[in-house]
Amino acid sequence: MKTNEIKKTAIITGKDTILADTDAEGTRRVEFDAAAEFFKNTFLSGGVPYGKELTESWAALQARILAGNFTGIHIGDYKPITLTGGEEVIMEVAGIDQYYKCGDIEIGHHIDFISRDCLAGTKVFNDTNTNNGTEAEPNPWRASKLFQTLNDEATGVIATLPGDLKPCIIEKRAMLESRYSAAGALESSTGWAWNNMGKLWLPTEVEVFGNTFWSDGDAGWTGGGGCNLQYPIFYGGVKHIIKGAGNGGGRCDWWEATAPRQSSAYVCCVSYSGAAYYHWATHTSVYAPLCFRIG
């Protein structure tokens, strides 16, 4: 059934279900007739709509998440925060239990939040043009300067988060590509390992676009395996993929946590136009969203 034919399916009232949002219970499986209106208002209108503000405290929200109670929480709902320097960031619900029970260490109930726009100020991925890891940190993202820029407890962005939010954030567990050799720079990743992406992280190319464009589509760790799936907020339109340079700012390029194939110097990113793209790791005109997991 094509989505543009949903309005013609009034006769469908069967027991089959589909994953959708409902006003009463948030994201869950519902019967076709209850899901039809959601699809009409989202995928037929350019993607997931901007949702409502979540007004409960972070602690209360975390308690509900840990209990698996997502009643009334929808993809696209948001919660504003203010960093210690005064910067306002709108955090949107990007995925609800997206990776529940996945991983080498079983992942519990969670919600992944991704900012509507990027953080103010450009950020380099690395000080040199490398997308390789190191002997100690073979994953390109974990080895990057940007990882430290976000996660350093003393000087990083995480140190500027509101005090009531920080205790509710947990590490994001994921299957991460490995790209390091003592013999020299590699132009493709050669393996993978389960590891934490940090309390603040970036989505992968697959988590944004649902596919591999510049990353290695033949590799299990980048090609869309169980712990690398498109976030629902990015499906059906580009309104959440295109991000501003700071809250409400103009369109900008922004980094992903993925190294492209056939290169030892580039890093995958999202173009200001909404396209999958890449830049030198030292590029000085690229921004980063704020992303964290509550669970």
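These numbers were taken from a predicted model, which means no experiment stands behind them.

### Side note on the side chain of Ser271
Turning to its location among the elements, Ser271 is positioned in the loop between strand E11 (266-270) and strand E12 (276-280). Residues contacting Ser271, with those up to four places away along its chain left out, are Cys252, Asp253 and Tyr277.

### Quick look at the confidence of the model for the protein
Any residue range with low pLDDT should be treated as having predicted coordinates unsuitable for detailed reading. For the protein, the mean per-residue pLDDT works out to 89, and 82% of the residues sit at or above 70. Contacts for the low-pLDDT stretch residues 1-13, under 50 throughout, to residues beyond four places or in other chains number 13 contacts.

### Observations regarding the nonpolar core
In this structure, Phe113, Trp141, Leu290 and Phe292 are the most contacted members of the largest nonpolar core, which totals 63 residues. In this structure, Phe113 is in contact with Leu54, Trp58, Leu61, Met91, Glu92, Val93, Ala94, Trp201, Leu290, Cys291, Phe292 and Ile294, ignoring residues within four places of it in sequence.

### Points about the pattern of salt bridges
Counted by the stated rule, this structure contains 8 salt bridges. Arg142 is paired through a salt bridge with Glu137; the nearest N and O atoms lie 3.0 Å apart. Overall, Arg142 belongs to the buried group, its relative accessible area being 16%. Note on Glu137: relative accessible area 24%, which makes it partly exposed.

### Quick look at the sheet that holds strand E4 (residues 88-96)
Neighbouring strands of a sheet are bound in pairs by backbone hydrogen bonds; such pairs are parallel or else antiparallel. The strand order E3-E4-E5-E14-E6 describes an open sheet built from 5 strands, whose pairing is antiparallel. Whereas interior strands pair on both sides, the edge strands pair on one side only; in this sheet they are strand E3 (78-82) and strand E6 (169-170). Taken together, the 5 bridges between E4 and strand E5 (residues 111-118) define a ladder with antiparallel strand orientation. Its bridge partner lying in E5, Met91 is registered against Ser115. Taken strand by strand, helix H2 (residues 58-66) contacts E3, E5 and strand E14 (289-294), and its axis lies near 55° from that of E14.

### Observations regarding the pairing of E14
By the criterion of burial, E14 is predominantly enclosed, with 6 of the 6 residues buried. Burial along E14 is two-sided: Pro289, Cys291 and Arg293 facing one way and Leu290, Phe292 and Ile294 facing the other are all buried. Strand direction decides the pairing type here: E5 and E14, joined by 5 bridges, are antiparallel. The residue bridging Cys118 from the neighbouring strand is Pro289, located in E14. The sheet contact formed by E6 and E14 spans 2 bridges and is antiparallel. Bridge pairing in E14 links Ile170 to Arg293.

So, how was this worked out
- Residues numbered from 1 in each chain as written.
- Predicted model: local features only at pLDDT ≥ 70, side-chain atom pairs only at ≥ 80, totals over all residues.
- Heavy atoms only, no water.
- Helix = DSSP H or I, 4+ residues; strand = E, 2+ residues; numbered from the N terminus.
- Contact = heavy atoms within 4.5 Å.
- pLDDT = per-residue confidence, 0-100.
- Core = buried A, V, L, I, M, F, W, Y, C linked by side-chain atoms within 4.5 Å.
- Buried < 20%, exposed > 50% of the residue type's maximum accessible area, 1.4 Å probe, protein only.
- Salt bridge = Lys/Arg side-chain N within 4 Å of Asp/Glu carboxyl O.
- Pairing = 2+ DSSP bridges.
- Axes fitted to C-alpha atoms, helices over the stretch in contact; angles between N-to-C directions.

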